[in-house]
Amino acid sequence: MKLIKATEENIPLIQDLAKRSWENAYAEILSKEQMNYMLETMYSETEISEHLKNPHYHYYLVFDENSNEYDGFLGFENHYEENTTKLHRIYLVPESKGKGLGKKTLDFLNEKVKESGDNRIILNVNKYNSAQKFYESQGYKIYDEGVFDIGNGYVMDDYLMGKSL
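About the criteria used
In this convention, every chain numbers its residues from 1, walking through the sequence in written order. Thresholds applied to this predicted model are a pLDDT of at least 70 for local features of residues and 80 or more for the giving and counting of side-chain atom pairs; totals over whole chains, interfaces and linings are not thresholded and use all residues. As a convention, hydrogens and water are excluded, and side-chain values are obtained from all of the structure's heavy atoms. Any Lys or Arg side-chain nitrogen located within 4 Å of an Asp or Glu carboxyl oxygen qualifies as a salt bridge. Note on conventions: DSSP H or I runs of at least 4 residues are helices, E runs of at least 2 residues are strands, and numbering of each starts at the N terminus. Each residue gets one of three labels from its accessible area relative to the maximum for its type: buried under 20%, exposed over 50%, partly exposed in between, using a 1.4 Å probe on protein chains only. For this analysis, a nonpolar core means a set of buried residues of the types Ala, Val, Leu, Ile, Met, Phe, Trp, Tyr and Cys, connected via side-chain atoms within 4.5 Å. Two residues qualify as a contact provided that any one of their heavy atoms is within 4.5 Å of a heavy atom in the partner residue. Aromatic pairing here means that ring centres of Phe, Tyr or Trp (its six-membered ring) are within 6.5 Å. Orientation follows from the plane angle: under 30 degrees is stacked, over 60 is edge-to-face, and everything else is tilted. Our definition puts a charge over a ring when NZ of Lys or CZ of Arg is within 6 Å of the ring centre and also within 35 degrees of the ring normal. Strand pairing is assigned whenever DSSP identifies at least 2 bridges connecting the two strands. Interaxial angles span 0 to 180 degrees and are taken between N-to-C directions of axes, which are lines fitted to C-alpha atoms, for helices over the stretch in contact.

Peer 1: Can you walk me through the pattern of salt bridges in this structure?
Peer 2: Between side chains of opposite charge, a pair can form as their charged atoms come close. In total, this model carries 13 salt bridges according to the counting rule given. The salt bridge partner of Asp71 is Lys99, with a shortest N-O separation of 3.2 Å. Pair noted here: Asp71 is in strand β3 (residues 69-81) and Lys99 is in the loop between β4 (84-92) and α4 (101-116), with a separation of 28 residues, a long-range link. Take Lys99: its relative accessible area is 35%, and that puts it in the partly exposed class. When salt bridges with common partners are traced through the structure, they connect Asp16, Arg20 and Glu95 into a single cluster.

Okay, here's the thing in structure tokens:
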């Protein structure tokens, strides 16, 4: 596995990976309408392009050298808060589950966070997403919860998790 820094030309690939992973991760949690709305807004070409222009926001593609395929992506923002990086996005396609890519991707994130000078990582996870258990297994702890209005009558009902490095 290797992580490859994403560029503007990778936006369609990121959008495809997001759609493929979301259809699996959120099928039981979100309505199809909410999922489509979130994908269209949070993963629009404009939105991702704006992230890529931010010098603190980074996207990396997860490339599986064994299958010669992209299996997911990572999106994070250094210095989101003082000494804190926010993990905004980590998604793997369903067929990549069980390969250890999630753990390796978080290990990569830990190194990038240390390199930036930050010493804490935070993230939001849907309260009904099984990924919460994975994050806990990697040392993240719930420190709060929140309901966030994302427009169009939809909300995100999340746990806020964090980990000190």
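Structure shown, so let's carry the discussion forward.
Peer 1: Looking at this structure, how should I read the nonpolar core?
Peer 2: One broad rule of soluble globular proteins: the nonpolar side chains tend to lie buried together. Counting residues in hydrophobic clusters, the biggest one holds 22 residues, and the most contacted among them are Ile14, Trp22, Tyr43, Tyr59 and Phe73. Sorting the residues of this core by element identifies α1 (11-25), α2 (32-42), β2 (57-64) and β7 (154-164) as the ones contributing at least two each. The greatest single-element share of this core, amounting to five residues, is contributed by α1. Not counting the four nearest positions on each side in its chain, Tyr43 is found in contact with Ile14, Gln15, Ala18, Trp22, Met38, Ile48, Phe73, Arg89 and Tyr91. Leu3, Phe76, Ile90 and Leu101 belong to the second largest nonpolar core, which has 18 residues in total.

Peer 1: Explanation requested: the packing of aromatic side chains in the structure shown.
Peer 2: The way to describe two aromatic rings as a pair is by their centre distance and the angle between their planes. Going through the model one piece at a time under the given rule, you end up with 14 aromatic pairs. Geometrically, the ring pair formed by Phe73 and Tyr91 is tilted, given 5.9 Å between the ring centres and 45° between the ring planes. Of this pair, Phe73 sits in strand β3 while Tyr91 sits in strand β4, and the two are 18 residues apart along the sequence. Each member of the aromatic cluster is reached from another via a ring pair, and the members are Trp22, Tyr26, Tyr43, Tyr57, Tyr59, Phe73 and Tyr91. Positioned above the aromatic ring of Tyr143 is the side chain of Arg120, whose terminal nitrogen or guanidinium carbon lies 5.2 Å from the ring centre.

Peer 1: Would you explain the sheet that holds β4 in this entry?
Peer 2: Paired through their backbone hydrogen bonds, the strands of a sheet run either parallel or antiparallel. Pairing is mixed across the open sheet formed by seven strands, whose spatial order is β1-β2-β3-β4-β5-β7-β6. Edge positions in the open sheet fall to β1 (2-5) and β6 (141-151), since each of these has one partner strand only. Sheet twist, expressed as the average angle between the axes of neighbouring strands with direction ignored, equals 30°. As paired elements, β4 and strand β5 (residues 120-126) share four bridges and run parallel to each other. Opposite Leu87, over in β5, you have Leu123 as the bridge partner.

Peer 1: I would appreciate a short explanation of the pairing of β2 in the present structure.
Peer 2: β2 sits mainly inside the fold: eight of its eight residues count as buried. Summarising the sheet, β1 and β2 pair through four bridges and their orientation is antiparallel. What sits directly across from Leu3, in β2, is Val62. Note that β2 and β3 share eight bridges and pair antiparallel. Its bridge partner lying in β3, Phe63 is registered against Tyr70. As consecutive antiparallel partners, β2 and β3 are separated by four residues, and within that stretch Asn68 has a phi angle of approximately 60°, a positive value.

Peer 1: Even after reading the chapter, I still don't get the environment of Met156, so can you show me in this structure?
Peer 2: Looking at the element boundaries, Met156 is found in strand β7. In the structure, Met156 is positioned 32 residues away from Asn124 in sequence and 9.3 Å away in space, judged by C-alpha atoms. Not counting residues up to four positions away in its chain, the partners in contact with Met156 are Met38, Gly146, Val147, Phe148 and Ile150.

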